[in-house]
Amino acid sequence: MTNACCLMQMPSPAFHSVHSPLSISSPPKDRCSPTFSLNQYPITSLSKPKFAATLRMSQSTRSSVVEQQRVLISNKHGEKLVGLLHETGSSVIVILCHGFRSNKEDKTMVNLAVALEKEGISAFRFDFAGNGESEGTFEYGHYWREADDLRAVIEHFNGANRVTSAIVGHSKGGGVVLLYASKYNDIHTVVNVSGRYDLKGGIEDRLGKDFMQKIKEDGFVDVKNKSGTISYRVTWESLMDRLNTNMHEACLQIDKSCRVLTVHGSADAIIPVADALEFAKIIPNHKLRIVEGADHCYTSHQAELTSIVSSFIKQVLEEDREKSSQ
(Lines give C-alpha, C1' and ligand atoms only; values in the text may rest on other atoms or scores of the structure.)
Protein backbone atom coordinates (compact mmCIF):
# COMPACT_ATOMS: atom_id res chain seq x y z
CA MET A 1 0.00 0.00 0.00
CA THR A 2 1.36 3.37 -0.90
CA ASN A 3 0.55 6.89 0.16
CA ALA A 4 1.62 9.72 -2.12
CA CYS A 5 2.89 12.74 -0.21
CA CYS A 6 2.53 16.13 -1.80
CA LEU A 7 5.31 18.64 -2.25
CA MET A 8 4.85 21.95 -0.51
CA GLN A 9 5.74 24.61 -3.05
CA MET A 10 8.18 27.19 -1.72
CA PRO A 11 8.90 30.59 -3.28
CA SER A 12 12.41 30.99 -4.64
CA PRO A 13 14.41 33.24 -2.31
CA ALA A 14 17.18 35.64 -3.22
CA PHE A 15 20.80 34.50 -2.98
CA HIS A 16 24.16 36.16 -2.81
CA SER A 17 25.98 34.03 -5.38
CA VAL A 18 25.26 31.47 -8.07
CA HIS A 19 27.49 28.62 -9.21
CA SER A 20 27.14 26.23 -12.11
CA PRO A 21 24.16 23.90 -11.69
CA LEU A 22 24.60 20.20 -11.17
CA SER A 23 23.39 17.78 -13.80
CA ILE A 24 22.57 14.81 -11.62
CA SER A 25 19.83 12.32 -12.37
CA SER A 26 17.52 11.24 -9.56
CA PRO A 27 15.60 8.00 -9.05
CA PRO A 28 11.88 8.07 -9.82
CA LYS A 29 9.63 8.94 -6.92
CA ASP A 30 8.15 6.24 -4.69
CA ARG A 31 5.71 6.19 -1.76
CA CYS A 32 6.29 9.49 0.05
CA SER A 33 8.71 10.85 -2.55
CA PRO A 34 7.75 14.25 -3.99
CA THR A 35 8.32 15.72 -7.39
CA PHE A 36 10.82 18.55 -7.59
CA SER A 37 12.81 20.58 -10.06
CA LEU A 38 16.59 20.27 -10.19
CA ASN A 39 18.67 23.38 -9.57
CA GLN A 40 15.72 25.26 -8.09
CA TYR A 41 18.11 26.88 -5.63
CA PRO A 42 21.55 28.26 -6.50
CA ILE A 43 24.61 27.07 -4.61
CA THR A 44 25.92 29.49 -2.01
CA SER A 45 28.79 27.50 -0.58
CA LEU A 46 30.93 24.44 -1.14
CA SER A 47 32.26 24.55 2.37
CA LYS A 48 30.94 26.91 5.04
CA PRO A 49 27.42 28.35 4.77
CA LYS A 50 26.90 32.06 5.31
CA PHE A 51 25.17 33.01 8.53
CA ALA A 52 24.89 35.78 11.08
CA ALA A 53 25.66 34.18 14.43
CA THR A 54 24.73 37.25 16.43
CA LEU A 55 21.41 37.87 14.71
CA ARG A 56 18.49 37.99 17.12
CA MET A 57 15.06 38.19 15.57
CA SER A 58 11.66 38.82 17.10
CA GLN A 59 8.93 36.24 16.54
CA SER A 60 7.04 38.67 14.30
CA THR A 61 9.92 39.20 11.85
CA ARG A 62 11.44 35.72 11.62
CA SER A 63 9.46 34.42 8.69
CA SER A 64 10.21 37.45 6.52
CA VAL A 65 14.01 37.34 6.88
CA VAL A 66 14.72 33.60 6.70
CA GLU A 67 17.01 32.70 3.81
CA GLN A 68 17.28 29.37 2.07
CA GLN A 69 20.87 28.72 1.07
CA ARG A 70 21.90 25.82 -1.18
CA VAL A 71 24.95 24.04 0.24
CA LEU A 72 27.16 21.25 -1.12
CA ILE A 73 28.95 18.90 1.27
CA SER A 74 31.32 16.07 0.33
CA ASN A 75 30.76 12.72 2.01
CA LYS A 76 33.52 10.23 2.87
CA HIS A 77 33.27 8.74 -0.64
CA GLY A 78 33.88 12.08 -2.35
CA GLU A 79 30.26 12.42 -3.46
CA LYS A 80 28.63 15.84 -3.16
CA LEU A 81 25.51 15.97 -1.03
CA VAL A 82 23.10 18.79 -1.88
CA GLY A 83 21.08 20.49 0.84
CA LEU A 84 19.11 23.60 1.72
CA LEU A 85 19.88 25.63 4.81
CA HIS A 86 16.92 27.51 6.28
CA GLU A 87 18.98 30.27 7.85
CA THR A 88 17.42 32.11 10.79
CA GLY A 89 20.71 33.30 12.26
CA SER A 90 20.53 30.96 15.24
CA SER A 91 23.77 29.45 16.45
CA VAL A 92 22.10 26.04 16.65
CA ILE A 93 20.91 23.97 13.71
CA VAL A 94 18.64 20.95 13.22
CA ILE A 95 19.44 18.39 10.50
CA LEU A 96 16.49 16.80 8.67
CA CYS A 97 16.82 13.36 7.02
CA HIS A 98 14.39 12.09 4.37
CA GLY A 99 13.09 8.56 3.88
CA PHE A 100 13.47 5.72 1.38
CA ARG A 101 13.67 6.89 -2.26
CA SER A 102 12.63 10.35 -1.19
CA ASN A 103 14.55 13.64 -1.02
CA LYS A 104 14.81 16.98 0.72
CA GLU A 105 11.70 18.30 -1.08
CA ASP A 106 9.42 15.80 0.64
CA LYS A 107 6.61 17.80 2.23
CA THR A 108 7.43 16.47 5.71
CA MET A 109 11.02 17.74 5.38
CA VAL A 110 9.84 21.13 4.08
CA ASN A 111 7.12 21.54 6.70
CA LEU A 112 9.44 20.60 9.56
CA ALA A 113 12.01 23.14 8.35
CA VAL A 114 9.35 25.86 8.19
CA ALA A 115 8.03 24.97 11.66
CA LEU A 116 11.54 25.26 13.09
CA GLU A 117 12.00 28.58 11.26
CA LYS A 118 9.00 29.96 13.14
CA GLU A 119 10.77 29.11 16.39
CA GLY A 120 13.89 30.92 15.20
CA ILE A 121 15.82 27.66 14.75
CA SER A 122 17.89 27.08 11.61
CA ALA A 123 17.28 23.79 9.78
CA PHE A 124 19.14 21.91 7.08
CA ARG A 125 17.40 19.39 4.80
CA PHE A 126 19.56 17.45 2.36
CA ASP A 127 19.57 14.54 -0.10
CA PHE A 128 21.41 11.37 0.85
CA ALA A 129 23.85 10.10 -1.78
CA GLY A 130 22.05 8.58 -4.75
CA ASN A 131 18.86 10.49 -3.99
CA GLY A 132 17.48 13.80 -5.20
CA GLU A 133 20.21 16.13 -6.42
CA SER A 134 23.08 14.48 -4.55
CA GLU A 135 25.77 12.55 -6.36
CA GLY A 136 26.10 8.79 -6.10
CA THR A 137 24.09 5.72 -7.07
CA PHE A 138 20.86 4.78 -5.37
CA GLU A 139 21.20 1.58 -3.35
CA TYR A 140 18.67 -0.48 -1.44
CA GLY A 141 19.54 -0.78 2.25
CA HIS A 142 22.79 1.05 3.11
CA TYR A 143 21.47 2.48 6.40
CA TRP A 144 24.94 2.76 7.88
CA ARG A 145 26.22 4.41 4.69
CA GLU A 146 23.55 7.08 5.08
CA ALA A 147 24.56 7.49 8.72
CA ASP A 148 28.03 8.27 7.32
CA ASP A 149 26.45 10.91 5.05
CA LEU A 150 24.80 12.43 8.12
CA ARG A 151 28.18 12.42 9.85
CA ALA A 152 29.67 14.39 6.96
CA VAL A 153 26.87 16.97 7.24
CA ILE A 154 27.31 17.39 10.99
CA GLU A 155 31.09 17.72 10.68
CA HIS A 156 30.60 20.33 7.96
CA PHE A 157 28.52 22.52 10.24
CA ASN A 158 30.89 21.90 13.15
CA GLY A 159 33.59 23.35 10.92
CA ALA A 160 31.38 26.38 10.32
CA ASN A 161 31.06 26.95 14.08
CA ARG A 162 27.47 25.79 14.18
CA VAL A 163 26.05 23.53 16.88
CA THR A 164 23.85 20.68 15.65
CA SER A 165 21.22 20.60 18.38
CA ALA A 166 19.08 17.78 16.98
CA ILE A 167 18.78 15.26 14.15
CA VAL A 168 15.36 14.34 12.77
CA GLY A 169 14.56 11.52 10.35
CA HIS A 170 11.40 10.27 8.68
CA SER A 171 10.87 6.59 7.76
CA LYS A 172 14.28 5.24 6.67
CA GLY A 173 15.73 8.53 7.87
CA GLY A 174 14.35 7.71 11.32
CA GLY A 175 16.43 4.55 11.33
CA VAL A 176 19.46 6.48 10.13
CA VAL A 177 19.34 9.04 12.96
CA LEU A 178 19.01 6.25 15.53
CA LEU A 179 22.00 4.41 14.05
CA TYR A 180 23.97 7.65 14.13
CA ALA A 181 23.14 8.12 17.81
CA SER A 182 24.20 4.55 18.55
CA LYS A 183 27.65 5.13 17.03
CA TYR A 184 28.42 8.72 18.03
CA ASN A 185 27.74 10.60 21.25
CA ASP A 186 27.88 14.15 19.89
CA ILE A 187 24.14 14.71 19.31
CA HIS A 188 21.91 14.52 22.35
CA THR A 189 18.48 15.08 20.80
CA VAL A 190 17.11 12.62 18.23
CA VAL A 191 13.66 12.50 16.62
CA ASN A 192 12.59 9.27 14.90
CA VAL A 193 9.47 9.82 12.79
CA SER A 194 7.93 6.50 11.69
CA GLY A 195 11.21 4.60 11.55
CA ARG A 196 11.33 0.81 11.11
CA TYR A 197 12.45 -1.33 14.05
CA ASP A 198 12.53 -4.68 12.25
CA LEU A 199 14.37 -4.25 8.96
CA LYS A 200 13.26 -7.71 7.87
CA GLY A 201 9.74 -6.32 7.68
CA GLY A 202 8.31 -4.77 4.53
CA ILE A 203 10.71 -6.54 2.13
CA GLU A 204 8.18 -9.00 0.78
CA ASP A 205 5.73 -6.15 0.13
CA ARG A 206 8.30 -4.52 -2.16
CA LEU A 207 10.07 -7.49 -3.72
CA GLY A 208 7.42 -10.21 -3.83
CA LYS A 209 6.99 -13.46 -1.94
CA ASP A 210 9.66 -15.33 -3.91
CA PHE A 211 12.30 -12.60 -3.62
CA MET A 212 14.91 -14.79 -1.91
CA GLN A 213 14.73 -17.45 -4.59
CA LYS A 214 14.89 -14.90 -7.41
CA ILE A 215 17.80 -12.98 -5.95
CA LYS A 216 19.76 -16.20 -5.32
CA GLU A 217 19.22 -17.28 -8.91
CA ASP A 218 19.78 -13.96 -10.67
CA GLY A 219 21.80 -11.97 -8.13
CA PHE A 220 19.22 -9.18 -8.15
CA VAL A 221 15.51 -8.33 -8.16
CA ASP A 222 14.11 -5.48 -10.26
CA VAL A 223 11.27 -3.57 -8.61
CA LYS A 224 8.76 -2.32 -11.15
CA ASN A 225 6.07 0.33 -10.93
CA LYS A 226 2.44 -0.11 -11.97
CA SER A 227 3.28 0.58 -15.62
CA GLY A 228 5.90 -2.17 -15.65
CA THR A 229 8.89 0.17 -15.77
CA ILE A 230 11.84 -0.73 -13.54
CA SER A 231 11.99 1.67 -10.60
CA TYR A 232 15.16 0.33 -8.99
CA ARG A 233 17.27 -2.81 -8.64
CA VAL A 234 17.92 -4.70 -5.42
CA THR A 235 21.18 -6.65 -5.48
CA TRP A 236 22.10 -9.55 -3.22
CA GLU A 237 24.71 -7.36 -1.55
CA SER A 238 22.28 -4.52 -0.81
CA LEU A 239 19.61 -6.93 0.46
CA MET A 240 22.10 -8.55 2.84
CA ASP A 241 23.20 -5.09 3.95
CA ARG A 242 19.63 -4.36 5.07
CA LEU A 243 19.00 -7.77 6.62
CA ASN A 244 22.26 -7.54 8.60
CA THR A 245 21.45 -4.09 10.00
CA ASN A 246 20.22 -4.77 13.52
CA MET A 247 18.24 -1.83 14.88
CA HIS A 248 17.65 -3.56 18.21
CA GLU A 249 21.34 -4.03 18.95
CA ALA A 250 22.14 -0.53 17.74
CA CYS A 251 19.50 1.15 19.89
CA LEU A 252 20.85 -0.60 22.97
CA GLN A 253 24.06 1.39 22.39
CA ILE A 254 22.37 4.81 22.50
CA ASP A 255 23.69 6.80 25.44
CA LYS A 256 21.28 7.38 28.33
CA SER A 257 21.85 11.12 28.09
CA CYS A 258 20.52 11.17 24.52
CA ARG A 259 16.89 12.28 24.43
CA VAL A 260 14.93 10.35 21.82
CA LEU A 261 11.42 11.14 20.61
CA THR A 262 9.58 8.61 18.44
CA VAL A 263 6.50 9.77 16.55
CA HIS A 264 4.34 7.28 14.66
CA GLY A 265 0.95 7.28 12.98
CA SER A 266 -1.65 4.83 14.27
CA ALA A 267 -2.87 4.19 10.70
CA ASP A 268 0.59 3.60 9.18
CA ALA A 269 0.16 0.80 6.63
CA ILE A 270 3.82 0.80 5.53
CA ILE A 271 5.62 0.53 8.88
CA PRO A 272 3.37 -0.76 11.68
CA VAL A 273 2.94 1.27 14.84
CA ALA A 274 4.17 -1.81 16.74
CA ASP A 275 7.69 -0.86 15.61
CA ALA A 276 7.42 2.39 17.57
CA LEU A 277 6.43 0.45 20.69
CA GLU A 278 9.56 -1.70 20.34
CA PHE A 279 11.77 1.41 20.25
CA ALA A 280 10.06 2.63 23.41
CA LYS A 281 10.97 -0.61 25.19
CA ILE A 282 14.72 -0.50 24.55
CA ILE A 283 15.82 3.14 24.26
CA PRO A 284 16.55 4.44 27.77
CA ASN A 285 15.71 8.16 27.52
CA HIS A 286 12.69 7.87 25.24
CA LYS A 287 9.35 9.58 24.63
CA LEU A 288 6.65 8.16 22.39
CA ARG A 289 3.89 10.07 20.59
CA ILE A 290 1.27 8.22 18.56
CA VAL A 291 -0.64 10.42 16.11
CA GLU A 292 -4.14 8.99 15.89
CA GLY A 293 -5.32 8.36 12.34
CA ALA A 294 -2.03 9.38 10.70
CA ASP A 295 -0.67 7.34 7.79
CA HIS A 296 3.01 6.86 6.99
CA CYS A 297 3.26 10.19 5.14
CA TYR A 298 1.10 12.10 7.66
CA THR A 299 -1.02 13.09 4.67
CA SER A 300 -3.74 14.73 6.76
CA HIS A 301 -1.68 15.25 9.92
CA GLN A 302 1.24 17.45 8.86
CA ALA A 303 0.33 20.26 11.25
CA GLU A 304 0.13 17.91 14.23
CA LEU A 305 3.43 16.22 13.32
CA THR A 306 5.36 19.46 12.88
CA SER A 307 3.92 20.86 16.11
CA ILE A 308 4.99 17.78 18.09
CA VAL A 309 8.53 17.78 16.67
CA SER A 310 9.19 21.53 16.85
CA SER A 311 7.76 21.78 20.38
CA PHE A 312 9.96 18.92 21.57
CA ILE A 313 13.10 20.47 20.10
CA LYS A 314 12.24 23.92 21.44
CA GLN A 315 11.66 22.46 24.90
CA VAL A 316 14.99 20.62 25.08
CA LEU A 317 16.83 23.70 23.81
CA GLU A 318 15.25 25.78 26.57
CA GLU A 319 16.14 23.12 29.15
CA ASP A 320 19.75 23.08 27.97
CA ARG A 321 19.88 26.86 28.03
CA GLU A 322 18.62 26.94 31.60
CA LYS A 323 21.16 24.34 32.70
CA SER A 324 24.04 26.22 31.10
CA SER A 325 23.03 29.44 32.87
CA GLN A 326 22.97 27.86 36.33
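Each value, and the rule that gives it
- Per chain, the residues get numbers from 1 upward, laid out in the order the sequence is written.
- Under the rules for a predicted model, residues below a pLDDT of 70 receive no local features and side-chain atom pairs below 80 are neither given nor counted, while totals for whole chains, interfaces and linings still include all residues.
- Heavy atoms throughout the structure, all of them, feed into the side-chain values; hydrogens and water do not.
- Secondary structure elements follow DSSP: runs of H or I of four or more residues count as helices, runs of E of two or more count as strands, with numbering from the N terminus.
- When a residue's accessible area, from a 1.4 Å probe over protein chains only, is under 20% of the maximum for its type it is buried; when over 50% it is exposed; and in between it is partly exposed.
- We call two residues in contact whenever any of their non-hydrogen atoms come within 4.5 Å of each other.
- For two strands to be treated as a pair, DSSP must find at least two bridges joining them.
- By definition, the crossover connecting two strands over a helix is right-handed if that path, from the first strand to the second, turns clockwise as seen with the strands pointing away from the viewer.
- Note on aromatic pairs: the rings of Phe, Tyr and Trp (six-membered ring only in Trp) are paired at centre separations within 6.5 Å, and the planes decide the class, stacked below 30 degrees, edge-to-face beyond 60, tilted for the rest.
- By definition, being over a ring means that NZ of Lys or CZ of Arg is both within 6 Å of the ring centre and within 35 degrees of the ring normal.

Visitor: For this particular structure, what's the right way to read the overall build of the protein chain?
Guide: Within the protein chain, the secondary structure is distributed over 10 helices and 11 strands. Every one of the 326 residues in the protein chain was classed for burial, and the buried ones make up 55%. Contacts spanning at least 24 positions in sequence make up 75% of the contacts within the protein chain whose residues lie at least 6 apart.

Visitor: Any chance you could explain the environment of Glu204 here in plain terms?
Guide: Residue placement: Glu204 occurs in helix 5 (residues 203-207). Among the residues examined, Glu204 registers a relative accessible area of 40% and is labelled partly exposed. Residues contacting Glu204, with those up to four places away along its chain left out, are Lys209 and Phe211.

Visitor: Whenever I open this one, unusual backbone geometry confuses me. Can you help?
Guide: What you tend to see is this: most non-glycine residues have negative phi, and most peptide bonds are trans. Unlike most non-glycine residues, Asn161 shows phi in positive territory, near 60°. The residue Asn161 is located in the loop between helix 3 (143-159) and strand 6 (163-170) in this model. According to the relative accessible area criterion, Asn161 is exposed, its value standing at 63%. Notably, Ser194 is not glycine yet its phi reads approximately 60°, a positive angle. For Ser194, the location among the structural elements is in the loop between strand 7 (189-193) and helix 5. Exposure remark for Ser194: the relative accessible area of 0% places this residue in the buried category.

Visitor: Quick question: what am I supposed to make of the pairing of strand 5 (residues 122-126) here?
Guide: Along a regular strand, successive side chains alternate from one face of the sheet to the other. In terms of burial, strand 5 is a largely internal element, 5 of the 5 residues being buried. Residues Ser122, Phe124 and Phe126 point to one face of strand 5 and Ala123 and Arg125 to the other, with burial holding for every one of them. Bridge analysis of strand 3 (residues 80-87) against strand 5 gives 4 bridges, and the strand direction is antiparallel. Of the residues in strand 5, the one forming a bridge with Leu84 is Arg125. For strand 4 (residues 92-97) and strand 5, the ladder comprises 5 bridges, and the chain directions are parallel. Across the sheet, residue Val94 finds its bridge partner in strand 5, namely Ala123. The β-α-β motif built from strand 4, the intervening helix 2 (residues 107-118) and the parallel element strand 5 has right-handed crossover chirality.

Visitor: What should I look at first to understand the pairing of strand 2 (residues 67-74) in this one?
Guide: For strand 2, a buried count of 6 out of 8 residues is recorded, marking the element as mostly surrounded by other parts of the structure. Inspection of the sheet shows strand 2 paired to strand 3 by 8 bridges, in the antiparallel sense. From the neighbouring strand, Ser74 faces strand 3, where its bridge partner is Lys80. In sequence, strand 2 turns back onto strand 3 through a hairpin of 5 residues, with Gly78 there showing a positive phi of about 80°.

Visitor: Even after reading the chapter, I still don't get the packing of aromatic side chains, so can you show me in this structure?
Guide: Between two aromatic rings, the relevant description is the distance of the centres plus the angle of the planes. Per the counting criterion, the structure on display carries 10 aromatic pairs. On the basis of an interplanar angle of 90° and a centroid distance of 5.8 Å, the ring pair of Phe100 and Tyr140 is categorised as edge-to-face. Pair noted here: Phe100 is in the loop between strand 4 and helix 2 and Tyr140 is in the loop between strand 5 and helix 3, with a separation of 40 residues, a long-range link. Here the two residues Phe100 and Tyr140 agree in accessibility, since each one is buried. One aromatic cluster in this structure is built from Phe100, Phe138, Tyr140 and Tyr232. Directly above the aromatic system of Phe138 lies the positively charged group of Arg101, at a separation of 5.1 Å from the ring centroid.

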